[in-house]
Structures are given as structure tokens and as C-alpha cells.
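Here's the letter readout for the chains.
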Protein chains: 2
Amino acid sequence: MPTRHYTTAVGDPAMHVEEGADTGGYVGVAGALLDAVKARVGDLVEVRRPDGSAADRGLLLPHHEFSGEDVVVLKLENGYNVGVAVTAADAVHVVTRAVPRVPPLREIPRTEGRPAVAVIGTGGTIASYVDYRTGAVHPALTADELAFSVPGLADRYNLRAEALFSVHSEDLFPHHWADIARAAARHLEQGAAGVVVPHGTDTMGITAAGLSFMLGALSGPVVLVGSQRSSDRPSSDATENLEEACLVATQDLGEVVVAMHAGTSDGAVAVHRGTRVRKMHTSARWAFKSVNSEPIAIVSGTDVSWRGEHRARAPRTALDDRVEDRVVLLQVYPGFDPELVHHSARRARGIVLAGTGLGHMGAHAFGAVREAVGRGVVVVITSQCLYGATNMNIYSNGRDLLRQGVVPLGDMLPETAFAKLCCMLGRSQDPDEVRRMMLEPLAGEAVDRRAVGGEDR
Amino acid sequence: MPTRHYTTAVGDPAMHVEEGADTGGYVGVAGALLDAVKARVGDLVEVRRPDGSAADRGLLLPHHEFSGEDVVVLKLENGYNVGVAVTAADAVHVVTRAVPRVPPLREIPRTEGRPAVAVIGTGGTIASYVDYRTGAVHPALTADELAFSVPGLADRYNLRAEALFSVHSEDLFPHHWADIARAAARHLEQGAAGVVVPHGTDTMGITAAGLSFMLGALSGPVVLVGSQRSSDRPSSDATENLEEACLVATQDLGEVVVAMHAGTSDGAVAVHRGTRVRKMHTSARWAFKSVNSEPIAIVSGTDVSWRGEHRARAPRTALDDRVEDRVVLLQVYPGFDPELVHHSARRARGIVLAGTGLGHMGAHAFGAVREAVGRGVVVVITSQCLYGATNMNIYSNGRDLLRQGVVPLGDMLPETAFAKLCCMLGRSQDPDEVRRMMLEPLAGEAVDRRAVGGEDR
């Protein structure tokens with residue numbers, strides 16, 4: 001059977017299929033039951049037992065290569081795929097039939113008086129389609145498909161859509177941040193009120209941090225947005241996140257932020273500072289949290305409620321897209337292998353340690369760290385606790401580690417430290433200068449904890 | 001100046017100094033001001049400006065080798081050290097003078113009818129002393145000093161104290177878990193109602209996970225306990241945590257748990273399952289959180305409020321102290337260096353990946369993973385999100401990664417996966433058997449998410 005891709009439009013709960021919808025390659029018992037009701041892949045079907053009870057209900061997926069001939073594969077409402085064993089005594093009922101896919105509008109109408117919002121597509125769940133042969137989600141929708149898939153969005157904004165690339169966010173390298181930063185700066189220079197960047201959620205927080213350092217001043221907001229549930233699922237957060245991201249893009253804000261669901265229910269989207277945000281749950285819609293900081297704003301419908309200090313729009317956007325990919329992030333663990341530092345020092349210009357507690361690592365690894373620093377590698381340390389700040393002066397181990405030349409980064413997230421180190425190493429070949437820049441706050445990435453006081457922040 | 005160590009007793013907010021308290025090696029302007037009032041290291045002093053205003057107040061620390069002769073070093077009430085620049089026009093006022101240290105009782109009285117609680121000392125802040133020359137905290141108190149430093153504890157329990165070792169927890173290796181597990185099993189076999197393990201907080205959660213796998217059945221609780229604030233600070237949590245840990249040790253519980261402050265105020269200690277607990281803040285007293293699970297109990301005074309299912313005491317304790325130190329934990333990041341896997345595969349028998357999102361990594365690293373698996377290395381994957389579970393079937397990248405032979409561990413913490421892999425590799429040389437054991441729930445370390453349903457857990 002050839003690979004068939006059935007795509008769904010973002011924000012549309014109905015299933016759309018391309019022409020030529022097939023029966024999914026079912027044979028045997030399952031094939032007979034499905035053929036009896038002319039069920040097609042993408043139909044919402046119910047498997048019923050001889051007594052009339054429903055065994056399972058879901059979107060029909062194609063026959064799975066590892067399943068027997070007596071198994072019907074369904075995508076359940078919760079998004080998961082399940083194989084339902086059937087016998088000739090069972091029956092299949094088609095609840096709703098899939099409708100053919102309507103090609104999205106590609107023209108971009110311009111209307112006087114509406115704010116111009118640029119949408120830069122990078123891929124991810126928010127712009128993904130489901131391969132109903134395997135049940136897996138692939139990146140696919142272009143930025144304009146995405147932008148115009150949300151009803152009404154084009155009525156409120158003059159949308160400009162650009163498909164920069166379409167990759168899973170876990171496949172992004174630091175140099176991809178530079179591509180996004182350049183595109184965002186260009187759109188702002190060309191008059192966009194703000195920029196929306198649909199992005200896979202896996203590394204969206206880290207990209208946001210990288211962009212925060214590359215875009216030192218912004219004439220408008222750069223809003224990264226994703227979705228935790230693909231758009232074929234009723235609980236998808238794609239539409240609401242994208243709508244609110246566009247609203248945030250028109251505000252008086254000169255920062256890189258992430259806009260994602262704030263809580264478990266619909267109706268509130270949190271705006272997180274790009275250097276403070278982290279994906280803290282694999283699947284929940286509220287996965288993104290500001291760490292060691294509060295969200296800048298909560299957006300609900302058309303209401304933007306500002307919660308924290310934020311930078312206003314700057315007269316011009318300042319771009320510094322230099323970036324170094326050769327940076328390694330290492331988490332410390334019991335018996336941490338010093339060879340990880342030793343080996344990385346030969347391949348990378350920077351090492352970010354996610355130390356234990358206040359910024360510690362086993363003393364057995366100090367020699368490797370000292371050697372790396374001696375080779376001109378910039379070694380910085382953060383805390384794997386994530387919340388709270390490094391303080392190397394409390395314990396003798398921390399003080400000893402400091403003497404190896406490690407730079408402690410206070411309450412900066414390990415991933416933000418990684419993004420910053422990539423950017424700073426792009427700007428200078430001088431390790432001392434890079435160390436100095438790492439300690440200089442540039443985009444709200446760290447607070448001098450001693451200056452703040454309080455212990456339980 | 002020779003190194004002088006001034007120790008404080010746990011739970012006593014007053015400052016104790018050994019005999020022969022010195023002036024801290026101050027000379028010049030600072031020395032003159034301090035000598036004028038006979039200030040000694042450990043005294044609570046206030047530096048006053050010519051107009052009588054107080055510049056700073058804190059415990060006098062010795063002269064710091066890097067400070068000028070015009071700097072007085074104080075330990076502030078919040079625990080941090082500060083250098084105060086002074087001139088001859090300033091003055092020092094001694095608020096309270098340090099009192100000499102009272103040596104702790106070392107005899108262990110036994111009284112009929114009191115439960116026997118074993119205290120196994122391993123080091124950490126809870127058993128630490130402050131080096132007032134440098135202001136750093138060192139591990140020092142022996143287990144019996146520690147046990148008897150809490151007023152009244154010896155009146156309620158027959159305490160048995162053993163100083164197993166005294167190291168910073170970041171210096172512990174997996175094989176140290178075996179030492180603790182053996183000692184705990186021995187005390188339980190010898191009739192202890194429960195075992196309390198004072199431990200440094202940095203890696204306490206990981207040790208708790210290791211002990212959970214090594215002690216497959218327990219005739220009594222093994223309670224790890226630490227403190228986030230050293231005992232010389234008014235906000236120290238050492239006493240309350242230790243008192244409640246002893247209470248937990250007498251309960252009908254056959255698990256390894258961590259007992260630490262539950263919230264920002266005193267009065268409630270949370271009991272976390274050893275395989276589910278993580279240090280989530282560098283300095284707050286409520287740093288320890290159960291992840292993907294609730295605390296087993298909340299203890300308040302003498303009240304134990306059970307919150308979740310827990311194992312009762314077993315008739316006998318079962319110990320399996322086999323452990324493999326050659327396990328590497330690697331966090332995935334943008335542009336992750338595949339050489340980290342490649343190189344580790346030559347040195348380690350197991351690799352734990354903390355993947356992005358649902359358990360992903362960049363496709364450019366798949367080859368290195370496949371090669372590692374081919375060499376017989378057991379490669380498992382968890383999520384760096386910490387909350388939520390891996391699900392490799394949603395995205396094509398995840399499915400491709402599965403095909404490389406990676407074992408996804410559901411909602412298991414990366415650090416718990418590390419501890420489990422160390423233990424399972426200690427039990428078997430067969431990678432297939434280890435992979436099977438990694439998926440078999442042994443100590444509440446993971447829940448089969450598909451069985452649970454719900455998406456927002």
C-alpha cells in the first residue's frame with residue numbers, strides 16, 4: 001500500500017481527507033466488517049459487539065502492518081491509537097463520514113487600518129498533519145495555511161506568512177535561531193506590527209532564549225507559539241494559542257515571548273519572557289512555565305492583563321545573529337563521568353553545567369573542568385533544580401569549583417545559559433570577554449539574587 | 001593564620017565557638033575598629049556610620065584573604081556573607097557575644113518501650129559545621145552528635161547512631177548507595193523500627209531512588225532527611241525535618257522516603273516516595289517535590305496524614321546491593337553532540353537520555369544511539385520536562401528513535417531512571433534482560449500512562 005497522507009486544517013475539528021480516500025488496506029474479518037458499511041480512513045466509526053454495546057469509538061486509521069487481520073485500528077478522542085480485536089459477530093457503525101479537504105486560501109488580502117502581523121512558519125505540532133497510515137504526526141502546513149486556518153484571523157490582521165522551514169523542533173540547531181531572528185527583524189523593518197513564530201514545543205523555550213539574545217532591541221513583539229495537541233484532536237490548543245499570539249504581536253512590547261495556554265482549561269494564554277520559559281510537562285496544554293519569574297501577561301479573549309515589567313517597543317530592531325553551535329550542555333549526576341567534560345573540551349568552545357543544588361559537582365571532576373578552562377573553553381554553571389539560583393559561596397565544594405574558573409549564572413535556566421553561551425561565543429573569540437558577557441544581564445535572563453534578598457523566591 | 005573551625009550545634013540558633021576565640025586576623029582600619037570593642041569571630045556586631053546609622057549587622061567572620069584592610073566580613077541574618085568597607089570614622093558595636101560551645105552528649109541511653117530508630121550519618125548541610133574563616137559550610141557532625149542535638153529526640157526514641165561517612169552529597173557515587181542500603185538493612189534486621197538517613201540535599205532524591213531499588217522489601221521505613229539551611233541560620237529546617245523523619249521512621253511503612261519541609265512556613269513536613277522525589281529549588285526549604293505523583297503523607301507535629309497508597313512493613317527486609325557505576329545521564333539540547341553518546345558507549349554500560357518533550361532527540365544523533373545499542377549498551381529515554389510521560393508513538397521522530405533500540409520509560413524521572421539503570425545493570429550482564437527490568441515497575445517509579453488515561457496528569 002502506498003503511503004497516503006491525510007491532512008487536517010488547524011482549528012477545524014472535522015476530519016478532512018484528500019480525494020481518493022481508501023479503505024485502509026484491511027483484509028480478513030476486519031476488512032469484511034468495514035466493507036459492509038463502506039467505512040473509509042478518517043471516518044468516525046464505532047465497533048459494536050454482538051449485544052449492541054460499543055467496544056470503542058474513534059477515527060478509522062489504516063490497517064497496521066504489525067496487527068492481525070482481526071484488528072481495527074482507531075484514533076481515540078484522546079488522541080491515542082488503539083487496536084480493537086473484532087470477530088465476524090461484531091459490527092462497525094459509521095458515526096460521521098470524513099469530508100474532503102478544502103484547499104486553504106493562499107492569497108493575502110490587505111486592508112487599511114488592520115495591524116500587519118507576520119507569521120514565520122518553522123514547523124511543529126501547531127503546523128503538523130497526521131499520517132493516518134502510521135498515526136504519527138508530521139510537520140507540513142505552511143505558514144499561510146496555518147494563518148488562514150484560524151477562522152477570523154485574516155479579518156482582524158493583515159497577515160503576512162512566510163514558511164521559513166518545517167522541521168521538528170528537536171531537530172533545530174542554534175544556527176536555526178539566526179534564520180528566525182533575521183526573518184523576524186526583516187518583517188519588523190518592513191512594517192509588521194509584530195511577528196508570530198509557530199514552533200514545535202520541544203525546544204521552543206530554548207529558541208525563544210536564543211532569539212532574545214539575538215534581537216537586542218525590538219520595534220515589535222516576537223511571539224513564539226505552539227500547540228501541545230495536534231489540530232485533529234478536539235482538545236487542541238492550536239487555535240486559541242495562535243489567536244492570542246497574534247493579539248500579543250500587536251501590543252506595545254519589545255521582547256521575545258512565548259504565548260501558550262496558562263492553565264488546564266481554555267480561556268487564558270500566558271505570555272512568558274523568552275529567557276525565563278521552560279517546557280515543564282510533556283503533554284499538558286499548560287506545559288510552559290515561567291521559571292524564577294512570573295509571566296509578563298495573561299491574555300484572555302481580547303483582554304491583555306500585564307503582570308510584570310516588560311520592555312516597550314524600541315524605535316528600531318537591533319539584530320546580532322552571530323551564533324556558535326559548538327556548545328555542550330551537561331547535567332551533573334552521581335559519579336558524573338569527567339570524560340564528558342574532557343572530551344567536550346576538545347570539540348566545543350563552551351560547556352554549560354547543570355550542577356546539583358546551588359551549583360555543585362563531584363570534586364572528582366574538578367580536574368577536567370580546570371583543564372577545559374585552561375584550554376580556553378568557557379565553562380558556566382547553573383542548577384538542575386531549575387528553580388532558585390546558584391550560590392557557590394555557601395559550601396566549600398562550590399568555592400573550590402569556582403577556583404577552577406567556572407562562571408556561576410545565578411537564577412538563569414540551564415537551557416537559557418546554553419542559548420546565551422551560543423550567542424556570546426558567536427560574538428567574541430576571547431574567553432574572558434565571553435565570561436564577562438555571560439554575567440551581564442541582557443534580556444531579563446537572570447537576577448542578581450543577592451540584590452533581591454528573600455530566600456524563598 | 002591557621003585554619004580555625006567554629007562549629008554550631010544543629011537546632012541551636014545561638015552561636016557557639018570553641019575556646020580561644022580569635023579576632024579574625026583583622027589588621028589596619030578594620031582591625032582597629034574591632035579591637036576597640038574586643039569583637040571576636042562569631043559575635044553579632046553592627047557596623048555604624050559616623051552619623052550613627054547602621055551600615056550592616058551580622059555575625060563577625062574572619063578577615064577574608066582577598067579583602068582589603070578596610071573591610072569587615074559579616075554573615076548576614078539571611079545566611080550570606082558580605083564585606084563592609086569601613087573608615088576610621090565608623091564604629092563597631094557588639095550586639096551579642098558568642099558563647100562557648102557545649103560538647104554534645106555521646107552516650108546512647110536505652111529505655112524500654114521506646115521505638116528504636118537508627119540514624120545513619122552520611123553528611124550534608126543537616127550534619128554540617130560552618131568554617132568561620134571562610135564562611136563555607138563543611139560536613140562534620142557525627143550521627144550521634146546530630147541525633148542528640150535535637151532536644152527531646154532521645155526522650156522519645158531509643159536512638160542508635162552510626163556515622164557511615166561524611167561527604168557532600170554531590171561527591172556520592174552510586175556505590176555509596178549500596179553502603180547505605182547495607183547499613184539500613186542491618187539496623188532493621190537488628191530490630192530498629194525504622195532508619196533515618198541524614199543526607200546532603202543535592203543528590204538526596206537520587207540516593208532515595210537507588211535505595212528504593214536496592215531495598216526491595218522493608219521491615220520498616222528508611223527515611224532520608226536533609227536541611228536546606230545550615231543550623232547556624234535562624235530559618236534552619238534541620239530540627240523540624242529530623243524530628244518528623246524520626247516520627248515517620250516509626251510508622252507502618254515499608255518504603256524508602258524523603259522527609260522535608262512541605263511549604264514555605266514551618267509546621268508541615270512532606271513524605272515523598274523515594275522514586276518520585278526531586279530537588280526542585282536550590283535554596284527554599286520546600287525544595288523537594290514529588291513529581292508525577294503526590295507526597296505519601298504530610299506530617300505535622302505528631303500527626304501523620306496519609307495522602308497516597310503506600311507499602312506496609314514487610315516481614316523481612318530484602319537487600320540487593322549490586323550496582324553499576326558506569327552509567328551516564330545525558331540531557332538532549334539543540335544541536336546535541338552525538339559524540340557524547342558515541343564516547344559514552346565506549347565507557348559506560350548504560351545511557352539515560354533526558355530527551356525533549358515526549359522523549360525526542362535530534363535525528364542527527366540517531367546513528368550514535370543505534371551504534372551504542374549495537375555495542376550492548378542499554379539506552380533508555382525519559383523527558384527533560386520532568387512532568388508528564390514519554391510517548392514515542394505520537395511523532396515520526398519518536399517512532400524512528402524507538403527503532404534505534406531506545407527504551408522509553410514513561411513518567412519516570414531522569415534521575416530515577418539513572419538510579420534504576422545503575423541497579424539493574426548491577427544485577428544482570430544481559431542487555432535484553434536489563435531492558436525488560438527497566439520496564440517492570442519495582443518501587444512505584446513509573447505508571448503505565450496508557451493504563452491511566454487522562455492527558456493532563
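The model shown is predicted, which means the values in this text are computed figures rather than measured ones.

1. A short note on the overall build of chain A
And step 1. Within chain A, the secondary structure is distributed over twelve helices and 25 strands.
And step 2. Burial status across chain A gives 57% buried among its 457 residues.
And step 3. The long-range fraction of contacts in chain A, counting pairs at least 24 apart against all pairs at least 6 apart in sequence, stands at 71%.

2. Focus: the interface of chain A and chain B
And step 1. Each partner contributes to the interface: chain A provides 64 residues, whereas chain B provides 65 residues.
And step 2. Only β10 (136-139), β22 (327-331), α7 (338-344), α9 (396-403) and α10 (414-427) of chain A provide two or more residues apiece to the side of chain A that touches chain B.
And step 3. For the side of chain A that touches chain B, a count of residues per class yields 26 nonpolar, 25 polar and 13 charged.

3. A look at the nonpolar core
And step 1. Val223(A), Val380(A) and Val223(B) are the most contacted members of the largest nonpolar core, which totals 224 residues.
And step 2. Each residue touching Val223(A), except ones within four places of it in the same chain, is listed here: Gly194(A), Val195(A), Val196(A), Val197(A), Ala245(A), Val248(A), Ala249(A), Val257(A) and Ala259(A).

4. Some words on the sheet that holds strand β16 (residues 269-273) of chain B
All names here are of chain B.
And step 1. Read across the sheet, eight strands follow the order β11-β8-β12-β14-β15-β16-β19-β20 without closing on themselves; strand pairing throughout is mixed. Unpaired on one side and paired on the other, β11 (158-163) and β20 (303-306) mark the two borders of the sheet. Across the sheet, the axes of successive neighbouring strands diverge by a mean angle of 25°, strand direction being ignored.
And step 2. Taken together, the three bridges between strand β8 (residues 116-121) and strand β12 (residues 194-198) define a ladder with parallel strand orientation. Each bridged residue has a counterpart across the sheet, and for Ala 118 the counterpart in β12 is Val 195.
And step 3. Packed onto the sheet, helix α6 (residues 238-249) meets β8, β12, β14 (222-225), β15 (256-261), β16, β19 (297-300) and β20 and runs at close to 145° relative to β15.

5. Structural notes on the domain arrangement of chain A
The parts lose accessible area when they come together, and the size of an interface is often stated as this lost area.
Residue and element names in this part refer to chain A.
And step 1. Each domain of chain A was delimited in the assignment, giving domain 1 (22-97), domain 2 (116-319) and domain 3 (327-452).
And step 2. Tallying the contact residues gives 16 residues for domain 2 and 15 residues for domain 3.
And step 3. If one sorts the elements of the side of domain 2 that touches domain 3 by residue count, helix α5 (residues 204-214) sits on top with seven residues.
And step 4. Taken together, the residues of the side of domain 2 that touches domain 3 break down into six nonpolar, seven polar and three charged.

6. Section: the relation of the copies chain A and chain B
And step 1. For these two chains of identical sequence, chain A goes onto chain B by a turn of 179° and a shift of 0.1 Å along the axis, with RMSD 0.3 Å. Given the turn and translation reported, the copies of this chain are related as if by a two-fold rotation axis.
And step 2. A symmetric contact is evident, with 98% of the interface residues of chain A recurring at the interface of chain B.

7. Concerning the sheet that holds strand β6 (residues 91-96) of chain A
Residue and element names in this part refer to chain A.
And step 1. Taking strand neighbours across the sheet as the criterion, the five strands line up as β5-β4-β3-β2-β6 in an open arrangement whose pairing is antiparallel. The strands lining the two open edges of the sheet, one partner per strand, are β5 (81-85) and β6. Taking each pair of neighbouring strands and ignoring which way they run, the sheet shows an average axis angle of 35°.
And step 2. Where strand β2 (residues 44-48) meets strand β3 (residues 54-60), five bridges bridge the pair, whose relative direction is antiparallel. What sits directly across from Glu 46, in β3, is Arg 57.

8. Quick look at the confidence of the model for chain A
Residues and elements named next belong to chain A.
And step 1. For chain A, per-residue confidence averages 84 on the pLDDT scale, and 83% of positions sit at 70 or higher.
And step 2. Taken as a whole, residues 130-136 scores under 50 in pLDDT and shows 25 contacts with residues more than four places along the chain or in a different chain.
And step 3. Scored as a whole, the predicted complex attains pTM 0.77, and scored at its interfaces, ipTM 0.76.

9. Quick notes on α9(A)
Residues and elements named next belong to chain A.
And step 1. When α9 is considered as a whole, its buried residues turn out to be Asn 397, Gly 398 and Leu 401. Axial view of α9: buried residues confined to an arc of 100°, hence all on one face.
And step 2. Those residues of α9 hidden inside the fold are in contact with α8 (366-374).
And step 3. Phi turns positive one or two residues past the end of α9, at Gly 405, with a value near 100°.

10. As for the environment of Ala185(A)
And step 1. Relative to the assigned elements, Ala185(A) resides in helix α4 (residues 174-189).
And step 2. Each C-alpha atom of the pair Ala185(A) and Arg316(A) lies 9.4 Å from the other, and the pair is 131 residues apart in sequence.

11. Description of the packing of α10(A) against helix α11 (residues 431-439) of chain A
Residues and elements named next belong to chain A.
And step 1. Between α10 and α11, the least distance of the axes is 10 Å, while the angle of their chain directions is 140°. The angle between the axes of α10 and α11 places the two elements in the oblique class. Considering the relative orientation of α10 and α11, their crossing is right-handed. Where α10 approaches α11, its residues Lys 420, Leu 421, Met 424 and Leu 425 are matched on the opposing element by Val 434, Met 437 and Met 438.
And step 2. A per-class count over the contact of α10 with α11 returns six nonpolar, no polar and one charged.

12. Re helix α1 (residues 28-36) of chain B
Residue and element names in this part refer to chain B.
And step 1. Buried within α1 we find Ala 30, Leu 33 and Leu 34. Here the buried residues of α1 occupy an arc of 95° about the axis, which is enough to place them on one side.
And step 2. In this structure, the buried residues of α1 make contact with β4 (71-75) and β6 (91-96).

13. Considering the packing of α5(A) against α10(A)
Residues and elements named next belong to chain A.
And step 1. Between α5 and α10, the shortest axis-to-axis distance is 8 Å and the interhelical angle comes to 40°. Here α10 runs oblique to α5, going by the angle between their axes. The interaxial crossing formed by α5 with α10 has right-handed handedness. Side by side, α5 and α10 meet where Gly 205, Ile 206, Ala 209, Gly 210, Phe 213 and Met 214 of the first sit next to Glu 415, Thr 416, Phe 418, Ala 419, Lys 420, Cys 422 and Cys 423 of the second.
And step 2. Grouping the amino acids of the contact of α5 with α10 by side-chain chemistry returns eight nonpolar, three polar and two charged.

14. Describing the pairing of β2(A)
All names here are of chain A.
And step 1. In textbook terms, the turn of a hairpin is the stretch between consecutive antiparallel strands, and for β2 and β3 this stretch comprises five residues, one of which, Gly 52, has a positive phi near 90°.
And step 2. Relative to β6, β2 runs antiparallel, the two sharing five bridges. Looking at β6, one finds that Leu 44 is bridged to Thr 96.

15. Here's the deal with the pairing of strand β20 (residues 303-306) of chain A
Two faces, one strand: in a regular strand the side chains alternate between the faces of the sheet.
Residue and element names in this part refer to chain A.
And step 1. When strand β19 (residues 297-300) meets β20, the two strands line up antiparallel, connected through four bridges. Across the sheet, the residue bridging to Ser 300 is Asp 303, located in β20.
And step 2. The antiparallel pairing of β19 with β20 creates a hairpin that spans two residues between the two strands, and Gly 301 there sits at a positive phi of about 60°.

16. As for the environment of Gly274(B)
And step 1. Checked against the element boundaries, Gly274(B) lands in the loop between β16 and β17 (277-279).
And step 2. Placed 61 residues apart in sequence, Gly274(B) and Phe213(B) show a C-alpha to C-alpha distance of 9.4 Å.

17. Remarks on the environment of Gly405(A)
Residue and element names in this part refer to chain A.
And step 1. Inspection of the secondary structure assignment puts Gly 405 in the loop between α9 and β25 (407-408).
And step 2. Residue class for Gly 405 comes out partly exposed when judged on the 16 C-beta atoms lying within 10 Å of it.
And step 3. As a C-alpha pair, Gly 405 and Glu 46 span 359 residues in sequence and 64 Å in three-dimensional space.
And step 4. Beyond its immediate sequence surroundings of up to four residues, Gly 405 is in contact with Arg 370, Val 373 and Val 379.

18. What about unusual backbone geometry?
Note on backbone geometry: most residues besides glycine have negative phi, and most peptide bonds are trans.
All names here are of chain A.
And step 1. Although it is not a glycine, Asn 292 adopts a positive phi angle of roughly 60°.
And step 2. In this structure, Asn 292 sits in the loop between β18 (288-290) and β19.
And step 3. A positive phi angle, near 80°, is found at Leu 386, a position not held by glycine.
And step 4. You can see Leu 386 is positioned in the loop between β24 (378-383) and α9.
And step 5. The class for Leu 386 is buried, based on 22 C-beta atoms found within 10 Å.

Here is what the cut-offs are and how they apply
Starting from 1, residues in each chain are numbered consecutively following that chain's sequence as written. All chains are assigned letters beginning at A, and all ligands numbers beginning at 1, according to the order in which they are written. Since the coordinates come from a predicted model, pLDDT governs what is reported: local features require at least 70, and pairs of side-chain atoms require 80 or more to be given and counted, while whole-chain, interface and lining totals use all residues. Helix and strand labels come from DSSP, where a helix needs a run of H or I of at least four residues and a strand needs a run of E of at least two; each type is numbered from the N terminus. Three exposure classes are used. Buried residues have 20 or more other C-beta atoms within 10 Å of their own C-beta, exposed residues have 12 or fewer, and partly exposed residues fall in between, all C-beta atoms being placed from the backbone. Remark: residues whose backbone-derived C-beta atoms lie within 7 Å of one another are considered to be in contact. Three classes are used: nonpolar for Ala, Val, Leu, Ile, Met, Phe, Trp, Tyr, Cys and Pro, charged for Asp, Glu, Lys and Arg, and polar for all others, with Gly counted as polar. The term nonpolar core refers to a group of buried residues, namely Ala, Val, Leu, Ile, Met, Phe, Trp, Tyr and Cys, whose C-beta atoms join them within 7 Å. Pairing between two strands is assigned when DSSP locates at least 2 bridges connecting them. A fitted line through C-alpha atoms represents every axis, and for helices the fit uses only the stretch in contact; the resulting angles, taken between N-to-C directions, go from 0 to 180 degrees. Where a domain begins and ends is set by an automatic assignment or by a domain database. Our superposition of the copies is a least-squares fit, built on the C-alpha atoms of residues whose pLDDT is at least 70 in both. As a per-residue measure, pLDDT reflects the predictor's confidence and takes values from 0 up to 100. Regarding the arc, it is the one traced by the directions from the helix axis to the C-beta atoms. Orientation categories follow fixed angle ranges, with anything under 35 degrees roughly parallel, anything over 145 roughly antiparallel, 65 to 115 roughly perpendicular, and all other angles oblique. Working rule for handedness: look at the near helix, and if it is turned counterclockwise from the far one by less than a right angle, call the crossing left-handed; if clockwise, right-handed.

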